[in-house]
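Secondary and tertiary structure notes
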Amino acid sequence: MNARYSPLPSIFSSDSEKQSQNPHITTYIFSIIQYLADVLRPAITIRSRSNSNPRKQLRGTAYLDGLRGFAALLVYWMHHQLWPLREVPTGRLLENGYGYDGKHYFAALPFIRTFFTGGHFAVSVFFIISGYVLSLKPLTLIYAQDFSKLNENLSSALFRRWIRLHVPIILVTFGYMASWHIFGIWVLSPKQQGSFREEFWNWYIEFKNFSFIFRTGGEAWFTYNFPTWSIPVEFRGSIIIYSTLLAFSRASRNARLWGSIGLIFYFLYIVDGWFGSMFLAGMTLCELDILARNDNLPRWIKRLEKYKTQFAYFALIAAFYLSGVPSYVRDEETLTKAPGWYYLSLLKPQAVFDQKWFYLFFASIFLIWCIPRISWLRTFFETSFNQYLGKISFMLYLVHGPILWTLGDRMYCAVGWYKEANEQHVPGWVNAFPVSHGGPLGLEPAFLICQAVLLPLTLWVAEVTMRIVDDPTVKFSSWLYRAVLAPPPGQPLG
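For clarity, every value in this text was computed on a predicted model and none was experimentally measured.

Things to note about the overall build of the chain
Scanning the chain from N- to C-terminus turns up 19 helices and zero strands. Compactness check: the chain gives a C-alpha radius of gyration of 26 Å against a globular reference of 23 Å for 494 residues, within 12% of the reference. Each principal axis of the C-alpha distribution contributes one length, and for the chain these read about 85 × 70 × 55 Å. Per-residue burial for the chain yields a buried fraction of 47% across its 494 residues. Within the chain, residue pairs in contact and separated by at least 24 positions form 71% of the contacts whose partners lie at least 6 positions apart. A total accessible area of about 25900 Å² is found for the chain, and carbon and sulfur atoms account for 62% of it. Once the 44 positive and 31 negative side-chain charges of the chain are each reduced to a mean point, those two points are 9 Å apart.

Printed below as a string of structure tokens:
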């Protein structure tokens, strides 16, 4: 074989041939180094060429990106608040609200509690945002009466959606699970299997059942990453949106609006389909915004436009109050006895099994509706930090758990918050660096010192995972859709 066709330099190559090949090898090595540097480099160290220029124009829905990112941070913060084994039962005290069991903590106050244990509120915000953004392009095409492109848009979106949502879970959880056996890492939960082969089989069984959205039984949890319970729900909600858009695509404006409102009522009051009502509420908000831009709102809504600022501030206050709904247990008595919730508890419909989602439906829709109508609030969610969080939000949602259950668990153990299992499996970490547990609940020095390491590390890992998992998944799903398309009319079928 001629040496110039060999993938590696031959030991029999002449000196001139070796010299001609060395630049190519060097270039290849430098390309790998450059790729790794780009993947691993934290965003904070990247100086944009446009730093000296005015901030680039944000798209109209940029505030939703920022809100999604901030919501992902709330999920992270709640899980870290509830994980350490503090001297008091943090979950019951914070998630049941101010005054529960005769205890009064700053972190449990109305409005304040959302910033400590607002993870469920964040999930409801995710669902309404999804309903909005999934509907934006199809609704635009509907009002343009471009039904050919609408069909193309919906078929592409539905084809790519399962891949987009579940492939990152496969990759992240497989890597997390494999690390236990490769590096000998102990985790508190789930129970680890005796060998990698057994672990892989258990992981496969769990995932295939978890990712089948039409299942009629079994566990809702994927024990290799508990927060991912919301992803199959996200996929079900997406199907509701695509189906509704297609069903109502040729309906009149008023028929589509009333049909959407009717479905929201059905999912919220008739059956226990709270997630469907959230997605459809997002779709309805999107349609109303499109109508407002086209000066085509129903007359009765136009009459209220002059009061929109007052309504927006009322909605903001209501959103943060309702977001603090007692949610530790599905217990109507606890809700009724919670200070400030007796009369609100009477509003819960019979159909809702887990009462928190009924109140979080209104909390999240109020918040998302009011943001673009309160300038300083919209500006907050359009800040560069919140836009950055929005960019990495999905990966932050996926990776924060594995980091919490490995390094986070050990760090909390080291500062004095440890469990019996920690003493057995990682005794070297127990009280390794004792730090004061004094101060306000949820803001103790021991907790904040751990966060000084865990939060930036988690954000960085989310960035890296976005580059090596999320971005390629998006590209792969688009490529696969294009690959299976039939050729245009007149060309032979493949």
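Considering the environment of T45
Its location among the elements puts T45 in the loop between helix 1 (15–40) and helix 2 (62–82). Sequence separation of T45 and K356 is 311 residues, and the distance between their C-alpha atoms is 41 Å.

Concerning the packing of helix 10 (residues 274–293) against helix 15 (residues 356–370)
Interaxial distance between helix 10 and helix 15 falls to 10 Å at its minimum, and their mutual angle equals 15°. Relative to helix 15, the element helix 10 lies roughly parallel. The chirality of how helix 10 crosses helix 15 is right-handed. Contacts from W274, S277, M278, A281 and L285 of helix 10 reach helix 15 at W357, L360, F361, I365, I368 and W369. Split into classes, the residues belonging to the contact of helix 10 with helix 15 amount to 10 nonpolar, one polar and no charged.

Some details on helix 5 (residues 119–143)
With 25 residues, helix 5 should reach 36 Å at 1.5 Å per residue; the first-to-last C-alpha distance of 36 Å fits that figure. Burial of helix 5 is extensive: 20 of the 25 residues sit out of reach of the surface. Remark: Q145 follows helix 5 within two positions and exhibits a positive phi of approximately 55°.

Description of the packing of aromatic side chains
The full count for this structure, using the stated rule, is 46 aromatic pairs. Ring geometry for W274 versus W357: centroids 4.2 Å apart, planes at 5°, classification stacked. Linking W274 in helix 10 with W357 in helix 15, this pair joins segments that are 83 residues apart in sequence. For the pair W274 and W357, one class covers both residues: buried. Of note, R236 hangs over the ring of F275, and the distance from its end group to the ring centre comes to 5.4 Å.

Topic: a nonpolar patch on the surface
A contiguous nonpolar surface patch, about 980 Å² in accessible area, is contributed by I25, Y28, I29, F30, I32, I33, Y35, L36, L40 and I468. Of all the elements, helix 1 adds the most residues to the nonpolar patch, at nine residues. Looking at where Y28 falls in the secondary structure, it is placed in helix 1.

How each quantity is defined
In every chain, residue numbers begin from 1 and rise along the written sequence. Restriction of local features to residues with pLDDT of at least 70 applies here, the model being predicted, together with a cutoff of 80 or more for giving and counting side-chain atom pairs; totals for whole chains, interfaces and linings are based on all residues. Calculated side-chain values reflect all of the structure's heavy atoms, with hydrogen atoms and water omitted. For helices the rule is a DSSP run of H or I covering at least 4 residues; for strands it is a run of E covering at least 2, with both sets numbered from the N terminus onward. A radius of gyration in this sense is built from C-alpha atoms; the matching globule rule multiplies 2.2 Å by the number of residues raised to 0.38. The cut-offs for exposure are 20% and 50% of the maximum accessible area for each residue type, with area from a 1.4 Å probe on protein chains only; residues under the lower value are buried, those over the upper are exposed, and the others partly exposed. In what follows, a contact means two residues having at least one pair of non-hydrogen atoms within 4.5 Å. In short, Shrake-Rupley with a 1.4 Å probe defines the accessible areas, and a residue's cover is counted only from the protein chains shown. Neither His nor the chain ends is counted toward charge; the positive residues are Lys and Arg and the negative residues Asp and Glu. Charge coordinates come from a single atom per side chain, which is NZ of Lys, CZ of Arg, CG of Asp or CD of Glu. Working convention: axes come from line fits to C-alpha atoms, limited for helices to the stretch in contact. Angles between N-to-C directions cover 0 to 180 degrees. With respect to orientation, any angle under 35 degrees is reported as roughly parallel, any angle over 145 as roughly antiparallel, any angle of 65 to 115 as roughly perpendicular, and every other angle as oblique. When the near helix sits turned anticlockwise from the far one by under a right angle, the crossing is termed left-handed; a clockwise turn instead gives a right-handed crossing. When residue character is reported, Ala, Val, Leu, Ile, Met, Phe, Trp, Tyr, Cys and Pro are called nonpolar, Asp, Glu, Lys and Arg charged, and the others, Gly included, polar. What a helix is expected to span follows from its residue count: subtract one and scale by 1.5 Å. Only Phe, Tyr and Trp rings are paired, with Trp represented by its six-membered ring, and only when their centres lie within 6.5 Å; those with planes under 30 degrees apart are stacked, over 60 edge-to-face, the remainder tilted. Placement of a charge over a ring requires the Lys NZ or Arg CZ to be within 6 Å of the ring centre, with the centre-to-atom vector within 35 degrees of the ring normal. Each patch is built from salt-bridge-free residues with over 30% relative accessible area, joining like charges within 9 Å and nonpolar side chains (Val, Leu, Ile, Met, Phe, Trp, Tyr) within 5 Å. Within this document, salt bridges are pairs made up of a side-chain nitrogen of Lys or Arg and a carboxyl oxygen of Asp or Glu, the two lying within 4 Å of each other.

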